[in-house]
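Now for the letters of each chain:
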Amino acid sequence: MAGVLLIGVPGILNLSADLGLVIGVAGIAGGVALLVSRMHDRSDDDGDDGAVV
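Just so you know, these numbers come straight off a predicted model, no measurement behind them.

### With respect to unusual backbone geometry
Reasoning step 1: Here Asn14, not a glycine, exhibits a phi torsion of approximately 55°, which is positive.
Reasoning step 2: Its location among the elements puts Asn14 in the loop between helix H1 (2-8) and helix H2 (17-37).

What follows is the structure, encoded as structure tokens:
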């Protein structure tokens, strides 16, 4: 959210438009990288086959 705000209104922190864009894009990219790194691969080793008829 802060990255989008910095891109849209960099004057909140008294930044220039260019610097707000760079910091905002870096913040968004960092947030996406954090979300992707926290994703867990689903393991099928638990032996549960679901509903077997």
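### Remarks on the UniProt feature "transmembrane region" (unreviewed entry) in the protein
Reasoning step 1: According to UniProt, the positions carrying the feature "transmembrane region" (unreviewed entry) are residues 12-36.
Reasoning step 2: Here residues 12-36 is 80% helix and 0% strand, with 29 Å between the C-alpha atoms at its ends.

### Here's the deal with a nonpolar patch on the surface
Reasoning step 1: Side chains of Val4, Ile7, Leu21, Val25, Ile28, Val32, Val36 and Met39 sit close together on the surface and give an oily, nonpolar patch of about 710 Å² of accessible area.
Reasoning step 2: Breaking the nonpolar patch down by element, the ones donating at least two residues are H1 and H2.
Reasoning step 3: Among the secondary structure elements, Val32 is positioned in helix H2.

The rules behind each value
- Residue numbers run consecutively from 1 along every chain, following the written order of its sequence.
- This being a predicted model, a pLDDT of at least 70 is required before a residue's local features are given, and a value of 80 or more before pairs of side-chain atoms are given or counted; all residues contribute to the totals for chains, interfaces and linings.
- Side-chain calculation: all heavy atoms of the structure are included, whereas hydrogens and water are not.
- Helix numbering and strand numbering both begin at the N terminus, where a helix is a DSSP run of H or I of at least 4 residues and a strand a DSSP run of E of at least 2.
- UniProt positions are given in the numbering used here, feature names are shortened, and annotations may be inferred rather than shown by experiment.
- For patches, a residue must show more than 30% relative accessible area and have no salt bridge; joins then use 9 Å for like charges and 5 Å for nonpolar side chains, namely Val, Leu, Ile, Met, Phe, Trp and Tyr.
- The Shrake-Rupley method, run with a 1.4 Å probe, gives the accessible areas here. Residue values count only the displayed protein chains as cover.
- Put simply, a salt bridge is a Lys or Arg side-chain nitrogen that is within 4 Å of an Asp or Glu carboxyl oxygen.

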